[in-house]
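Below are the chains, spelled out letter by letter.
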Amino acid sequence: MANVNIQELLDSGVHFGHLTRKWNPNMAPYIYTERNGVHIIDLYKTAAKIEETSEALKKIANSGRKILFVATKKQAKDIVAEKAKSVSMPYITERWPGGMLTNFVTIRKAVKKMAQIDRMKTDGSFDALSKREKLQINRQREKLEKNLGSISDMTRLPGALFVVDIKKEHIAVAEAQKLNIPIFAMVDTNSDPRQVDYVIPANDDASKSIDKVLSFVTDAVAEGLSDRKADKEKVKEAKAEAPKKAEAASEEKK
């Protein structure tokens, strides 16, 4: 895993917090100073937290569990979607569907409905419908795709949540807390870090800052997935070699 470069974080504006009057006192340990009425985040602490978070996420990815990325704010959604896709992880960048975690069974039913519509289009039954029915089903499919398409491969609850802006995504955070799902997050100076298991103190409003932090995080996830693949290959090779070794051992005994 690459070491976090402080200068890179500085160049990306990760250190800019919110106005001092909007701060959350629980973020005090992560604040370096105040400049022109704005809190400045201690980037040495940010770097340490990115490395700690990356190590934990690498282990989760290596275990085969999914990490659900959540960011619905305008400046984060495209970045998060791109980064999550690059490591084949689910993400929510449109409105958070209430009960996404706490009522996961219902959400899965909606995803199955989407798959059912797709089957209708391939088996020909869709063609037998009236023009009006086709239009209604297509609209339903588009709505499901927009809200749930990115989690269609998530067949069970995620092993962790990664959130950009815990104030905006407070419903997602509350649901994860209720189910004891570990929460990883970029936390700005106006938020309460006590809601999060793995805090990355950082500017969660600027796209450059979000992109930089997400790059480190998804690199670690990719590493965990790569290690998992390598481990599977080793097991496969060992199984293939086992009969040969047994045969060789048998020959030696003769």
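Residues numbered from 1 in each chain as written. Predicted model: local features only at pLDDT ≥ 70, side-chain atom pairs only at ≥ 80, totals over all residues. Heavy atoms only, no water.

The name an unreviewed UniProt entry assigns to the protein is Small ribosomal subunit protein uS2, from the organism Polaribacter marinaquae. Per UniProt, the comment on the protein under Sequence similarities (unreviewed entry) is "Belongs to the universal ribosomal protein uS2 family." (UniProt positions renumbered as here; feature names shortened; annotations may be inferred.)

### Comments concerning unusual backbone geometry
Although it is not a glycine, Ser-88 sits at a positive phi angle of roughly 55°. With respect to the helices and strands, the residue Ser-88 is situated in the loop between helix 3 (74-86) and strand 5 (91-92). Residue Ser-88 is classed as exposed on the basis of its relative accessible area, which comes to 53%. Even without a glycine there, the phi angle at Asp-165 is positive, about 75°. Note that Asp-165 resides in the loop between strand 6 (160-164) and helix 6 (170-178). Under the relative-accessibility criterion, Asp-165 is labelled buried at 10%. (Helix = DSSP H or I, 4+ residues; strand = E, 2+ residues; numbered from the N terminus. Buried < 20%, exposed > 50% of the residue type's maximum accessible area, 1.4 Å probe, protein only.)

### Some thoughts on the sheet that holds strand 3 (residues 38-41)
The strand order across the open sheet formed by three strands is 1-3-2, and the pairing between neighbours is antiparallel. Strands at the two margins of the open sheet, each flanked by one partner only, are strand 1 (16-19) and strand 2 (31-35). Across this sheet, the average inter-strand angle for adjacent strands is 30°, counted without regard to direction. Summarising the sheet, strand 2 and strand 3 pair through four bridges and their orientation is antiparallel. When the sheet's bridge partners are listed, Glu-34 is paired in strand 3 with His-39. (Pairing = 2+ DSSP bridges. Axes fitted to C-alpha atoms, helices over the stretch in contact; angles between N-to-C directions.)

### Some remarks on the pattern of salt bridges
In the structure shown here, the tally under the stated rule is eleven salt bridges. In this structure, the salt-bridge partner of Lys-58 is Asp-227, at a minimum N-O distance of 3.7 Å. Here the residue Lys-58 occupies a position in helix 2 (residues 43-62), and Asp-227 occupies one in helix 7 (residues 207-253), the gap between them amounting to 169 residues. A salt bridge links Asp-204 to Lys-73; the nearest nitrogen and oxygen atoms lie 3.6 Å apart. Taken together, the positions of Asp-204 in the loop between strand 8 (198-201) and helix 7 and Lys-73 in the loop between strand 4 (67-70) and helix 3 put the pair 131 residues apart, joining distant regions of the chain. Using a relative accessible area of 6% as the deciding quantity, one classes Lys-73 as buried. Bridged by salt links that share partners, the residues Lys-73, Asp-165, Asp-204 and Asp-205 form one connected network. (Salt bridge = Lys/Arg side-chain N within 4 Å of Asp/Glu carboxyl O.)

### Some details on the nonpolar core
Grouped together as the largest cluster of nonpolar side chains are 34 residues, with contacts concentrated most on Leu-9, Ile-67, Phe-69, Phe-162, Val-164, Met-186 and Val-213. Sorting the residues of this core by element identifies helix 2, strand 4, helix 3, strand 6, strand 7 (183-187) and helix 7 as the ones contributing at least two each. In this structure Phe-69 touches Val-80, Ala-84, Met-89, Pro-90, Tyr-91, Ile-92, Phe-162, Leu-214, Val-217 and Thr-218, once residues within four positions along its chain are discounted. (Core = buried A, V, L, I, M, F, W, Y, C linked by side-chain atoms within 4.5 Å. Contact = heavy atoms within 4.5 Å.)

### Observations regarding the side chain of Ser-12
Tracing the chain through its elements places Ser-12 in the loop between helix 1 (6-11) and strand 1. With a relative accessible area of 11%, Ser-12 lands in the buried category. Within the structure, the side chain of Ser-12 is placed 3.0 Å from the backbone oxygen of Glu-8, a separation counted as a polar contact. In this structure Ser-12 touches Lys-208, Ser-209 and Lys-212, once residues within four positions along its chain are discounted. (Polar contact = N/O pair within 3.5 Å; in protein donor to acceptor, adjacent residues only side chain to side chain.)

### A few points about the layout of surface pockets
Estimated volume of the largest pocket: approximately 150 Å³. Taken together, Arg-95, Pro-97, Thr-106, Ile-107, Ala-110, Lys-143, Leu-144, Asn-147 and Leu-148 make up the full set of residues lining the largest pocket. Counting residues per element, the ones that place at least two in the lining of the largest pocket are helix 4 (104-123) and helix 5 (131-148). The leading source of residues in the lining of the largest pocket is helix 5, at four residues. A breakdown of the residues in the lining of the largest pocket according to their chemical character gives five nonpolar, two polar and two charged. (1 Å grid on protein atoms, 1.4 Å probe; cavity = no way out; pocket = protein on both sides within 12 Å on 5 of 7 lines; lining within 4 Å. Points joined across faces, edges and corners; volume = space filled by probe spheres on them. Nonpolar A, V, L, I, M, F, W, Y, C, P; charged D, E, K, R; others polar.)

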